[in-house]
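A closer look at the structure
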Amino acid sequence: VRFVTALPCHPEEPGSEAYGRHEGWLAGPPRRDTTIIDVGTGSGCIGITLALEFPNLEVICTDISEEALTVAKENAHCHGVLDRVAFLNANALDRVTTHSQLLTTHFLVVSNPPYIPEGDAAHPFRAPPLPPDVLLFEPREALFGGPDGMDILRKLYTQCRSHPRCFGCVLECREEQAKKLTS
């Protein structure tokens, strides 16, 4: 699957993992009344790929950047899923819960949010180091999540846990961050 990006793509940060809390969805095919919410979609790679893999699902892609949402919409159009993917300018789940689809469906959140601690930008030789293309080309707000990298992670995880229709979340973050979230 090929995606257009506004900026060069980079490999995933060394030492990062995707951690999730789910209640059975990954064990089998999703039900028709399930919605996937891709928070911080960027170019839409995650949400659009899920829409391609699971044609019976509705997908909502959110981002705080209108520019990113424009690129994601272009990618959804190119891959023929624009009719099944909604796009919202939102921070975490702030505006998503008022979207009409979520009033009647259960949803799963997927996200590769900003989780790098702010201090890592000032110390590029820390292990694991950030690849130069990440620091030079990625928007800062897509990378850094506050002093400990957990500003958005905490907010999103709390919103997921407290929403009665959210049955899980899959978040990319560092192992120590996942332990803090779930402890």
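First things first, this report covers the structure right here in the doc. Here the structure is a predicted model, which is why all the values come from computation and not from measurement. (Residues numbered from 1 in each chain as written. Predicted model: local features only at pLDDT ≥ 70, side-chain atom pairs only at ≥ 80, totals over all residues. Heavy atoms only, no water.)

By secondary structure assignment, the location of Val109 is in strand S5 (residues 106-111). Taking relative accessible area as the criterion, Val109 reaches 0% and is therefore assigned buried. As a C-alpha pair, Val109 and Leu171 span 62 residues in sequence and 8.1 Å in three-dimensional space. Ignoring sequence-local partners within four residues, the contact set of Val109 consists of Ile37, Val39, Leu93, Leu156, Cys160, Cys166, Gly168, Cys169 and Val170. (Helix = DSSP H or I, 4+ residues; strand = E, 2+ residues; numbered from the N terminus. Buried < 20%, exposed > 50% of the residue type's maximum accessible area, 1.4 Å probe, protein only. Contact = heavy atoms within 4.5 Å.)

For the rest of this paragraph, the subject is the packing of helix H5 (residues 151-162) against helix H6 (residues 175-182). Packing of H5 against H6 leaves a shortest axis separation of 11 Å and a crossing angle of 40 degrees. The orientation of H5 relative to H6 falls into the category oblique. The way H5 lies across H6 gives a crossing that is right-handed. Only Gln177, Leu181 and Thr182 of H6 make contact with H5, whose side of the interface consists of Leu153, Arg154 and Tyr157. Residue classes in the contact of H5 with H6 are distributed as three nonpolar, two polar and one charged. (Axes fitted to C-alpha atoms, helices over the stretch in contact; angles between N-to-C directions. Parallel < 35°, antiparallel > 145°, perpendicular 65-115°, else oblique. Left-handed = near helix turned anticlockwise from the far one by under 90°. Nonpolar A, V, L, I, M, F, W, Y, C, P; charged D, E, K, R; others polar.)

Our next topic: the side chain of His163. When you line up the elements, His163 lands in the loop between H5 and strand S6 (166-174). According to the relative accessible area criterion, His163 is buried, its value standing at 18%. Within the local environment of His163, its side chain forms a polar contact with the backbone nitrogen of Arg165, the two atoms lying 3.0 Å apart. (Polar contact = N/O pair within 3.5 Å; in protein donor to acceptor, adjacent residues only side chain to side chain.)

Moving on, we get to H6. Within H6, the full set of buried residues consists of Gln177, Ala178 and Leu181. The arc that holds the buried residues of H6, viewed along the axis, is 100 degrees, so those residues lie on one side. Away from its buried face, by an angle of more than 90 degrees, H6 presents the exposed residues Lys179 and Lys180. (Arc of directions from axis to C-beta.)

Within soluble globular proteins, side chains that are nonpolar generally end up buried alongside one another. Counting residues in each nonpolar core, the largest one holds 22 residues, and the members touching the most others are Ile37, Leu93, Val109, Leu153, Leu156, Cys160 and Leu171. When contributions to this core are tallied by element, the ones reaching two or more residues are strand S2 (34-39), S5, H5, S6 and H6. Excluding residues that lie within four positions of it along the chain, Leu156 makes contacts with Val39, Ala92, Leu93, Val109, Ser111 and Leu171. One finds Ile48, Leu50, Ala51 and Val85 within the second-largest nonpolar core, a separate group that totals 16 residues. (Core = buried A, V, L, I, M, F, W, Y, C linked by side-chain atoms within 4.5 Å.)

This paragraph deals with the environment of Ser183. Within the secondary structure, Ser183 is located in the segment after H6. A polar contact of 3.2 Å, which involves the side chain of Ser183, links it to the backbone oxygen of Lys180.

Another point: the side chain of Asp63. The residue Asp63 is located in strand S3 (residues 58-63) in this model. Of the buried charged residues, Asp63 lacks a salt bridge, with Arg95 as the closest side chain of opposite charge at 11 Å. Of note is the side chain of Asp63, whose polar atom sits 3.3 Å from the backbone nitrogen of Thr41. If near-sequence neighbours (up to four positions away) are discounted, Asp63 is found in contact with Gly40, Thr41, Gly42, Ala68, Leu69, Leu88, Asn89 and Ala90. (Lys, Arg positive; Asp, Glu negative; His and termini not counted. Salt bridge = Lys/Arg side-chain N within 4 Å of Asp/Glu carboxyl O.)

Turning our eyes to something else, we now look at the pattern of salt bridges. This structure, assessed with the given rule, holds five salt bridges. The salt bridge partner of Asp148 is Arg154, with a shortest N-O separation of 2.3 Å. For Asp148, a relative accessible area of 25% puts it in the partly exposed group. Among the salt bridges present, the one from Arg154 reaches Asp151, with a minimum N-O distance of 3.9 Å. Pair noted here: Arg154 and Asp151 are both in helix H5, with a separation of three residues, about one helical turn. Residue classification places Arg154 among the partly exposed residues on the basis of a relative accessible area of 37%.

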